[in-house]
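# Coordinates in review
What follows is each chain in one-letter form.
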Amino acid sequence: MAASFFKGPVLSFFDYKTEKYIVAKNKRVGILYRLTQLSIIGYIIGWVFLSRKGYQETDEAIQSSVITKLKGVSVTNTTESGLLVWGPEDYVIPPQGEAVLFVVTNFLETPNQKLGHCAESPKVLDGHCRDDEDCEEGKMVVAGNGIMSGRCLRKHENSTGTCEIYGWCPIERKFKSQGPLLTNAENFTIYIKNFIQFPIFTFTKSNVLDTTDDSYLKKCRYDEELHPYCPIFRLGDITRRAGYSFQDMATFGGSIGIMIQWDCDLDKGYSNCHPQYRFMRLDISVSNLTVAAGCNFRHTRYFKNAAGESYRTLFKVYGIRFNIMVHGKVGKFSIIPTAINIASGLALMGAGAFFCDIVLLYLMKKGNSYRARKFEGARKTQKSTSEDNSEENRKEEENLML
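Residues numbered from 1 in each chain as written. Predicted model: local features only at pLDDT ≥ 70, side-chain atom pairs only at ≥ 80, totals over all residues. Heavy atoms only, no water.

## Let's talk about empty space enclosed by the protein
Tallied over the full model, the rule gives one cavity of 30 Å³ or more. Of the volumes computed, that of the largest cavity is approximately 30 Å³. Lining the largest cavity, in full, are Trp86, Asp90, Ile93, Val104, His299, Arg301, Phe315 and Val317. Looking at the lining of the largest cavity, the elements that each hand over two or more residues are strand 15 (296–304) and strand 16 (310–333). (1 Å grid on protein atoms, 1.4 Å probe; cavity = no way out; pocket = protein on both sides within 12 Å on 5 of 7 lines; lining within 4 Å. Points joined across faces, edges and corners; volume = space filled by probe spheres on them. Helix = DSSP H or I, 4+ residues; strand = E, 2+ residues; numbered from the N terminus.)

Dropping the structure here:
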């Protein structure tokens, strides 16, 4: 008895069940269905596989190393310093060849500063005063150049003066530039050596041409068509490609982004993986506010005189900051993403059929007749079912053919 009880479910486990399809003779839904199929097939083939290369496994975890070196010489002649020759060791900050570097194009020099007492700069708001009580002795001047001595220095009795401070004197003088002092800076060249690696595929490459010609790097300049693997760029050409004049930026400085993009298709071979360069100015906002434009900072050089007294020369340097950023993606054929995208396409085909069923069953005028044919209720006996519905089914089939 128990064996017969379990026999039925066990045997039914091995039954194969298939769907029943109803052919609806409706041209409008049929056209809609075929258009839906064509759209899905076009999307899978055109966008997923051809445009987005959905048949490939990709790696975007690029590992990159950037080494830079600048070359060029310029001459300045100022009242404070006289005739000076500037080399890369003078105008490149920092000089170690990093991916972010600053090239000096203009400067303001305040020589021979010595620790002592002098008047605070009128540009420092916290240093203004009308009497000695406004200059509390020992108080630091906010955004100033030293410590208040307790005296207010005024040119006239009823005028506003500035507090006397103890600091490096004389304080920095006002900057009235008529143009960049390193006039030849746009002819400097920057050597950008970039090594990249994609760990998943153990793929490595460099933006420098593989050649045994020792003179290649001495005479080449980057050109997208003629010399795409020459990593030497003229600074004036970089700013021009970013849409700006080098001389316009050199007076008060600026920031330039150098983007190196590696998009490699390993199915096409190693030789088809090339670096793509883009240049853009980074210190210009949407509103183009001039108060935030430019790039500058201060640094000092210390020395002692024959008597052993400490002095320093203060430089406020203006220049162009270069940010070198490396991005990339590599792809190669793999059966796993291919199978996943094909399965997704088949699922979309099923979704298209479901959409057409909704239109056919619920949005058409004869939806009730279609629903009656698609969803059949179970009856007690097959004989009663055929007798009750034979005439009705015949009429519905005639209506569906119309």
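## So, helix 8 (residues 367–374)
Three or more residues of helix 8 are buried, namely Gly367, Ser369, Tyr370 and Arg373. Buried residues in helix 8, looked at end-on, bunch into an arc of 160°, giving them a common side. (Buried < 20%, exposed > 50% of the residue type's maximum accessible area, 1.4 Å probe, protein only. Arc of directions from axis to C-beta.)

## Brief notes about the state of the cysteines
All told, the structure shown has five disulfides when counted by the stated rule. Covalently, Cys129 is tied to Cys152 through a disulfide, its sulfur atoms 2.0 Å apart. Its S-S torsion of about 90° marks the bond between Cys129 and Cys152 as right-handed, since a negative value means left-handed. One end of the pair, Cys129, is in strand 7 (residues 128–129); the other, Cys152, is in strand 8 (residues 146–153), and 23 residues separate them in sequence. Given a relative accessible area of 12%, Cys152 falls into the buried group. Paired by a disulfide, Cys135 and Cys163 hold their sulfur atoms 1.9 Å apart. Torsion about the S-S bond of the Cys135 and Cys163 cystine: about -85°, corresponding to left-handed handedness. Taken together, the positions of Cys135 in the loop between strand 7 and strand 8 and Cys163 in strand 9 (residues 161–169) put the pair 28 residues apart, joining distant regions of the chain. Cys163 carries the same exposure label as Cys135, and that label is buried. (Disulfide = S-S within 2.5 Å.)

## Points about the packing of helix 2 (residues 27–51) against helix 7 (residues 335–363)
Remark: helix 2 packs on helix 7, axes separated minimally by 10 Å, with the N-to-C direction vectors making an angle of 160°. The angle between helix 2 and helix 7 falls in the class roughly antiparallel. Crossing geometry of helix 2 relative to helix 7 is assigned as right-handed. Between helix 2 and helix 7, the residues in contact are Val29, Leu32, Tyr33, Thr36, Gln37, Ile40, Ile41, Tyr43, Ile44, Val48 and Phe49 and Thr338, Asn341, Ile342, Gly345, Leu348, Met349, Gly352, Ala353, Phe355, Cys356, Val359 and Leu360, respectively. Looking at the contact of helix 2 with helix 7 residue by residue, the classes come out as 17 nonpolar, six polar and no charged. (Axes fitted to C-alpha atoms, helices over the stretch in contact; angles between N-to-C directions. Parallel < 35°, antiparallel > 145°, perpendicular 65-115°, else oblique. Left-handed = near helix turned anticlockwise from the far one by under 90°. Contact = heavy atoms within 4.5 Å. Nonpolar A, V, L, I, M, F, W, Y, C, P; charged D, E, K, R; others polar.)

## So, the nonpolar core
With 45 residues, the main nonpolar core has Tyr91, Leu235, Ile238 and Phe322 as its most contacted residues. Mapped onto this core, the elements with two or more residues apiece are strand 2 (63–71), strand 6 (100–119), strand 10 (189–198), helix 5 (235–241), helix 6 (246–250), strand 13 (254–265), strand 14 (275–281) and strand 16. Counting residues per element, this core draws most heavily on strand 16, at seven residues. Those residues in contact with Phe322, other than ones at most four positions away along the chain, are Ala99, Val100, Leu101, Val103, Leu235, Ile238, Ile256 and Ile258. With 11 residues, the next largest nonpolar core counts Cys129, Cys135, Met148 and Ile171 among its residues. (Core = buried A, V, L, I, M, F, W, Y, C linked by side-chain atoms within 4.5 Å.)

## What about the pattern of salt bridges?
Applying the stated criterion across every chain yields a total of 10 salt bridges. Two residues, Glu164 and Arg151, come together in a salt bridge whose shortest N-O distance is 3.1 Å. Of this pair, Glu164 sits in strand 9 while Arg151 sits in strand 8, and the two are 13 residues apart along the sequence. The partner of Lys219 in a salt bridge is Asp213, and the shortest N-O contact between them spans 4.0 Å. For Asp213, a relative accessible area of 36% corresponds to the partly exposed category. Several salt bridges share partner residues, and in doing so they unite Glu186, Arg234, Asp237 and Arg240 into one network. (Salt bridge = Lys/Arg side-chain N within 4 Å of Asp/Glu carboxyl O.)

## Considering a positive patch on the surface
A cluster of basic side chains, namely Lys123, Lys155, Lys174 and Lys176, defines a positive patch on the protein surface. Summarising the element assignment, Lys155 is placed in the loop between strand 8 and strand 9. Classification of Lys155 as exposed rests on a relative accessible area of 80%. (Patch = residues over 30% accessible without salt bridge, like charges linked within 9 Å, V, L, I, M, F, W, Y side chains within 5 Å. Areas by Shrake-Rupley, 256 points an atom, 1.4 Å probe, with all protein chains shown as cover. Lys, Arg positive; Asp, Glu negative; His and termini not counted. Charge placed at Lys NZ, Arg CZ, Asp CG, Glu CD.)

## Comments concerning the side chain of Asn207
Along the chain, Asn207 falls in the loop between strand 11 (203–206) and helix 4 (216–219). Side-chain polar atoms of Asn207 contact the backbone oxygen of Ile192, separated by 2.9 Å. A polar contact is formed between the side chain of Asn207 and the backbone nitrogen of Asn194, at a distance of 2.8 Å. (Polar contact = N/O pair within 3.5 Å; in protein donor to acceptor, adjacent residues only side chain to side chain.)

## Thoughts on the pairing of strand 14
The alternating pattern of strand 14 places Pro275, Tyr277, Phe279 and Arg281 on a buried face, while none of Gln276, Arg278 and Met280, on the opposite face, is buried. Sheet topology note: the strand 13/strand 14 ladder contains seven bridges and is antiparallel. From the neighbouring strand, Ile260 faces strand 14, where its bridge partner is Tyr277. (Pairing = 2+ DSSP bridges.)

Note that every value here comes from positions in space, so none of it alone points to a role or purpose.
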